[in-house]
Amino acid sequence: MYKITLLLLFICTTAGAQPPVMEVHANGFDPVEVSIPFMQVGLFMKATDTWAYEYNRLKSPIDVTNTSANSITIRAYKKNAFFYRNRGEAFYYKIRYTMTITFHGNSYTIDFKVGDIYTDGDVLVKYKLPDYFTSSGKLKDGYEMLDKSLQKTVNDIVNSHYDFIIKQ
């Protein structure tokens, strides 16, 4: 009976917790609210700060700023963040991103912005994310897989944070 009670308690506390799903469009990513089991604000903020440094350890420089009572901003780079194929050739790009996380007790909001885009050789490109899309919001010809690969990368990042938070 004790095992069943524990199982039901676990299901009830994690049922509301759903990993974030970010979808890319011409203007980037819309902020997403993520449900989690209740957590003390101090624990959440400390865990987010720890995750940011652990996730980016040995990958790229990281900047954690604008820390307030319930929000934190993380700026970092992600190598091979997206690619596209044009005439059979694959082109890989690195991004500088900003991820602002605002905590609400049993949920948090993620606002993910793609800033600068760099070639695989760390050369800043003139294009910003909206430049890869038409005015109607569709991906321009010649940039196949850009949206899917970027979306996968961003979801990997935000889900890594989610997994870290849930395990606290």
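Report on the accompanying structure. (Residues numbered from 1 in each chain as written. Predicted model: local features only at pLDDT ≥ 70, side-chain atom pairs only at ≥ 80, totals over all residues. Heavy atoms only, no water.)

The next subject is the nonpolar core. Ranked by internal contacts, the top residues of the largest apolar core, which has 45 residues, are Phe82, Met99, Phe112 and Tyr132. Contributing elements (two or more residues each) for this core: β3 (32–35), α2 (41–56), β5 (71–86), β6 (89–103), β7 (107–119) and α3 (146–166). Considering each element in turn, this core owes the most residues, eight residues, to α3. When residues no more than four places from it in sequence are discounted, the contact partners of Tyr132 are Phe82, Tyr84, Tyr93, Ile117, Val125, Tyr127, Lys138, Leu139, Lys140, Tyr143 and Leu146. (Core = buried A, V, L, I, M, F, W, Y, C linked by side-chain atoms within 4.5 Å. Buried < 20%, exposed > 50% of the residue type's maximum accessible area, 1.4 Å probe, protein only. Helix = DSSP H or I, 4+ residues; strand = E, 2+ residues; numbered from the N terminus. Contact = heavy atoms within 4.5 Å.)

This next bit is on the sheet that holds β6. With respect to topology, five strands assemble into an open sheet ordered β3-β7-β6-β5-β4, the strand pairing being antiparallel. Looking at which strands have only one partner, the edges of the open sheet turn out to be β3 and β4 (62–65). Averaged over all pairs of adjacent strands, the angle between strand axes in this sheet comes to 35 degrees, irrespective of strand direction. Where β4 and β5 come together, four bridges link them in antiparallel fashion. Across the sheet, Asp63 pairs through a bridge with Arg75, a residue of β5. Against the sheet, α2 touches β4, β5, β6 and β7, its axis set at about 40 degrees to β5. Along the sheet face, α3 touches β3, β5, β6 and β7 and points at about 150 degrees away from the line of β5. (Pairing = 2+ DSSP bridges. Axes fitted to C-alpha atoms, helices over the stretch in contact; angles between N-to-C directions.)

Enumeration over the complete set of coordinates arrives at 16 aromatic pairs. Here Phe82 and Tyr132 contribute two aromatic rings whose centre-to-centre distance is 5.9 Å and whose plane-to-plane angle is 75 degrees, an arrangement assigned as edge-to-face. One end of the pair, Phe82, is in strand β5; the other, Tyr132, is in the loop between β7 and α3, with 50 residues separating them in the sequence. Across the pair, Tyr132 and Phe82 agree in class, each one buried. When the centroid spacing of 5.6 Å and the interplanar angle of 15 degrees are considered together, the rings of Tyr84 and Tyr93 count as stacked. Considered together, Tyr84 and Tyr93 belong to a single accessibility category, that of buried residues. Taking NZ or CZ as reference, Lys94 lies 5.0 Å from the ring centre of Tyr77, over its face. Sitting above the plane of the Tyr118 ring, Lys94 keeps its charged end 5.6 Å from the centroid. (Phe/Tyr/Trp six-rings, centres within 6.5 Å; stacked < 30°, edge-to-face > 60°. Lys NZ or Arg CZ within 6 Å of the ring centre and 35° of its normal.)

Bringing the pairing of β3 into the picture now. Remark: a regular strand shows side chains that alternate across the two faces of the sheet. Burial along β3 is one-sided: the residues Val32 and Val34 are buried and none of Glu33 and Ser35 is. Where β3 lies against β7, four bridges are found, and the strand directions are antiparallel. Within β7, the position partnered with Val34 by the bridge is Tyr108.

It is at 10 Å that the axes of α2 and α3 come closest, and there the two elements cross at 130 degrees. Taken together, the axes of α2 and α3 lie oblique to each other. For the pair α2 and α3, the sense of crossing is right-handed. Across the interface between the two elements, Phe44, Ala47, Thr48, Thr50, Trp51, Glu54 and Tyr55 of α2 pack against Ile157, Ser160, His161, Phe164 and Ile165 of α3. When grouped by side-chain class, the residues that make up the contact of α2 with α3 number seven nonpolar, four polar and one charged. (Parallel < 35°, antiparallel > 145°, perpendicular 65-115°, else oblique. Left-handed = near helix turned anticlockwise from the far one by under 90°. Nonpolar A, V, L, I, M, F, W, Y, C, P; charged D, E, K, R; others polar.)

Nothing here speaks to function; it is all geometry.
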